[in-house]
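# Chains, contacts and geometry: an overview
What follows is each chain in one-letter form.
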Amino acid sequence: MALRTTQPAEWVTTEVPCFAVVGKVNMGKSAVLATLLEEDDDRIIRISPEPGETTRCQRLSLVLDGAERLRFIDTPGFQQPIEALRAIRALHGSQTGTPGLATLQSFVDEYRDTGEFEDECRLLEPLLQGAGILYVIDPGVPVYDSFLAEIEILRFSGRARLALLNQRGEAGAVHEHEWREHLGKAFNLVRVFDAHRARFATRRDLLAALNQIDERDREHLQTTTALLDAEWQQRREEAVERIQHFLRTALALREHGHYAEDAPAPEAAKREAVKQASRRYYERIAALERETANDLLRLYRHTAVQAEAMKGFDDDLDLASDETWRRLGLTRQQLTFVGAAVGAGAGIGVDAATFGHSLGVGALIGGLGGGALAFFKGDALPTLRLDMARIGPLGGQRITVGPPRNPNFAWVLLDSILIRYRQILSRAHARRGDALLEGEAGDGSIARELASGPQKALARWFRSVNRVQRDPEQESAAFAALLAVLTSIEDEL
């Protein structure tokens, strides 16, 4: 969590490790901070394609367990580093050795109120107060003389220094070797970071690297790393709870309708009532899926993004289509295996192999594909469970539909939300200008790649949910299986 302050009484405190984020204009300082602090709100950290967006120092804090653990000061970029270096050396004059903090202080005192070297004075103030340095550069840019001047000025401070090669995509490191040659002589550590692609492990490694450049803060930063790990594990467990709630709710969902037995064409009225109830059913399934995706987005602090409906499938796909089997849910063989393994009987396997009625999962995919409902083929009815009951003394029939009979239904639901989870973990907070999490199917099914143990545990739980039975042991086993799945998704990114 990031807290912003633009005019604190002091930039640096002895209570919290502080690092000034320094670099030339448009090197990606704000993007690095956005991803490092999981902050996608432009009101907190503004990421602009226009150079010079950061014009004054801004304090941003990493808050864990309700307390500030790290402080970053986003500074203006160097504007005149060569001229500033010349002025610093002139102030040092004929003194022995190289300029140091005293000379930098004289430089700030000399130029602070003159309007000259305004940005340089601002970015040096946190260093003079004791902040370490996080120097952000773009390794896709050549090492110009102006950069060498920046490196020299930062070296004069004598503060703990970490240089960050903010690589922008695969082709963004053409000058990395040249940069490393110069940075290695002036910085304690050099690290590579891609603010637009970094995952949790990369963020954690960077925060841990700060631990290595200032021994005084080792214990504090080790505690911070432990808190980060604990919070991340808690998020992962909360994500499992949300996913289980989604699956439990969706599998228990029923939709109702009614029709009059004395209608001029009762069978046509019945079909229309079932069709409309089925339409509402799949719309509610799609809404549940989006709501869960949005819950996961909020859990992982993507406050500026909303999920849209799952898409990527044609409206008329059904279980008879090889494309469906290639994309979501388990294969025929897997359904047969887990069905037999959990004691559901061979009937599940036979139903999966012969497809029964083939519209159930196709209808679901149509629903997840933005609510398109062209999956009703002529007068054919979807394979939702259908119950009929007479409506009191006034007559008429009440219909209840849902869920689809096909055993792949639960696995398709699981796949849809796991794909969402993978997309959310893959999204860095520095990413801007895209307010929708698109429901693309990605590389295909995640559920069918699970080991047999988790598949069996989930199959048993699905069966108990379908029977409206709350079995604590199976709930716990399914929770553990899903937790392992989320961990493996994260590890593969």
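Here, every reference points to the structure presented above.
Residues numbered from 1 in each chain as written. Predicted model: local features only at pLDDT ≥ 70, side-chain atom pairs only at ≥ 80, totals over all residues. Heavy atoms only, no water.

This brings us to unusual backbone geometry. Here the bond from G402 into P403 is cis, since omega is -10°, no more than 30 degrees from zero. Located in the positive-phi region is E38, a residue other than glycine, with phi close to 55°. Relative to the elements of secondary structure, E38 occurs in the loop between helix 1 (29-36) and strand 3 (58-64). Note on E38: relative accessible area 6%, which makes it buried. Phi angles above zero are rare outside glycine, and R301 is one such case at about 65°. For R301, the position within the fold is in the loop between helix 9 (266-299) and strand 9 (306-310). (Helix = DSSP H or I, 4+ residues; strand = E, 2+ residues; numbered from the N terminus. Buried < 20%, exposed > 50% of the residue type's maximum accessible area, 1.4 Å probe, protein only.)

Attention now moves to the packing of aromatic side chains. Scanning all chains against the criterion turns up 13 aromatic pairs. Measuring from centroid to centroid gives 5.0 Å for F147 and W179, while their planes differ by 70°, and the two rings are edge-to-face. Of this pair, F147 sits in helix 5 (residues 145-157) while W179 sits in helix 6 (residues 176-183); the two residues are 32 residues apart in sequence, bridging distant segments of the chain. Grouping residues by exposure puts F147 and W179 together as buried. Aromatic side chains Y281 and Y282 sit 5.2 Å apart centroid to centroid with 85° between the ring planes, which places their arrangement in the edge-to-face category. In terms of burial, Y281 and Y282 fall into one category: buried. Site record: aromatic cluster; members linked through ring pairs are F200, W232, Y300 and Y421. The ring centre of F147 lies 5.6 Å from the NZ or CZ of K24, which sits over that ring. When the ring centre of F187 is taken as reference, the NZ or CZ atom of R161 above it lies at 5.9 Å. (Phe/Tyr/Trp six-rings, centres within 6.5 Å; stacked < 30°, edge-to-face > 60°. Lys NZ or Arg CZ within 6 Å of the ring centre and 35° of its normal.)

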